[in-house]
Amino acid sequence: MSAELELISVEIMPNKCKPLVIILWYRPPNSTTCLFDHLQNILRSTELEKKEFMLMGDLNCDLLSIEPHCCYTKRLNEITTNVQLEPVIHEPTRITKDSSTLIDVMFFTNVSKVSQSGVIHAGLSDHSMIYAILGKLINHNTVNKQKHKYKF
């Protein structure tokens, strides 16, 4: 594996659920496209293990680009399509006075499990935070609440 590949993965094994592998990757903007070959091998091996997985990170591939022929974005789209990953972030994650790009990405194999996702523009950096909530959200207004009075 290339020393340039800055990637970490974590496997979460919840009770009574399929394991979830979270893969975090940073791709420097000036890196070669061969890094995508390493990523593809990792994603394919995870897919063969029949585990749900998520890919996220600063990939420096603008998914909002009107120029889909960018070799990096095109390669990322090919790989994620081949392993059936779908994006859950759909708005810019890096906003400057000159541009708005979606380069901090999150893909998931089972988007039906994502109850909420989005971007938080906190102003801490030129990159915004991304998040996803897996599982059903509970609307506390519709939860059956019961009060119990006990007399002693």
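Placed above this text is the structure.
The text that follows walks through the structure, step by step, so that each part is easy to find. Nothing here was measured: the structure is a model prediction, and the numbers come from that model.

**Quick notes on the overall build of the protein chain**
Part 1: Counting its regular elements, the protein chain contains 2 helices and 9 strands.
Part 2: Listing every helix and strand of the protein chain by position from the N terminus yields β-β-α-β-α-β-β-β-β-β-β.
Part 3: Taken over 152 residues, the protein chain has a buried fraction of 34%.
Part 4: Surface summary for the protein chain: the accessible area is close to 10100 Å², and the carbon and sulfur share equals 54%.

**A closer look at helix α2 (residues 71-82)**
Part 1: For α2, spanning 12 residues, the distance from its first C-alpha to its last is 16 Å, which sits close to the expected 16 Å at 1.5 Å a residue.
Part 2: Listed as buried for α2 are Tyr72, Thr73, Arg75, Leu76, Ile79 and Thr80. Taken down its axis, α2 places every buried residue within 160 degrees of arc, on the same side.
Part 3: At its buried positions, α2 is contacted by α1 (34-48), β3 (52-58) and β7 (104-108).

**Description of the sheet that holds strand β4 (residues 86-87)**
Sheets are built from strands paired through backbone hydrogen bonds, the pairs being either parallel or antiparallel.
Part 1: On the basis of which strands lie adjacent, the open sheet formed by 5 strands has the order β1-β2-β3-β7-β4 and mixed pairing. The sheet is open, and its two borders are formed by β1 (6-12) and β4, each paired with just one other strand.
Part 2: With 5 bridges connecting them, strand β2 (residues 20-26) and β3 associate as parallel partners. Residue pairing for β3: Ile22 is matched across the bridge by Met54.
Part 3: The sheet strands contacting α1 are β1, β2 and β3, and the helix crosses β2 at an angle near 175 degrees.

**Remarks on α1**
Residues lying three or four places apart along an α-helix face the same way, a consequence of the helix completing one turn every 3.6 residues.
Part 1: In this model α1 runs 22 Å from its N-terminal to its C-terminal C-alpha over 15 residues, within 8% of the 21 Å that 1.5 Å per residue would give.
Part 2: For α1, the set of buried residues is Leu35, Phe36, Leu39, Gln40, Ile42, Leu43 and Thr46. Along the axis of α1, the buried positions cluster into a sector of 165 degrees, meaning they face one direction only.
Part 3: Where the residues of α1 are buried, they touch β1, β2, β3 and α2.
Part 4: Phi turns positive, to about 60 degrees, at Lys50, one or two residues after α1.

**Let's talk about the pairing of β2**
Part 1: Here β2 lies mainly inside the structure; 5 of its 7 residues are buried.
Part 2: Pairing between β1 and β2: 7 bridges, direction antiparallel. Each residue of the ladder has a partner; that of Ile8, found in β2, is Leu24.

**Focus: the packing of aromatic side chains**
Part 1: Scanning the model with the defined rule gives 2 aromatic pairs in all.
Part 2: Judged by centre distance (5.4 Å) and plane angle (90 degrees), the rings of Trp25 and Phe36 are edge-to-face. Of the two residues, Trp25 is situated in strand β2 and Phe36 in helix α1; the sequence distance between them amounts to 11 residues.
Part 3: Residue Trp25 is classed as buried on the basis of its relative accessible area of 2%.
Part 4: Note on Phe36: relative accessible area 0%, which makes it buried.
Part 5: On the basis of an interplanar angle of 35 degrees and a centroid distance of 6.3 Å, the ring pair of Phe36 and Tyr72 is categorised as tilted. Taken together, the positions of Phe36 in helix α1 and Tyr72 in helix α2 put the pair 36 residues apart, joining distant regions of the chain.

What counts and what doesn't
Residues numbered from 1 in each chain as written. Predicted model: local features only at pLDDT ≥ 70, side-chain atom pairs only at ≥ 80, totals over all residues. Heavy atoms only, no water. Helix = DSSP H or I, 4+ residues; strand = E, 2+ residues; numbered from the N terminus. Buried < 20%, exposed > 50% of the residue type's maximum accessible area, 1.4 Å probe, protein only. Areas by Shrake-Rupley, 256 points an atom, 1.4 Å probe, with all protein chains shown as cover. Expected span 1.5 Å × (residues − 1). Arc of directions from axis to C-beta. Contact = heavy atoms within 4.5 Å. Pairing = 2+ DSSP bridges. Axes fitted to C-alpha atoms, helices over the stretch in contact; angles between N-to-C directions. Phe/Tyr/Trp six-rings, centres within 6.5 Å; stacked < 30°, edge-to-face > 60°.

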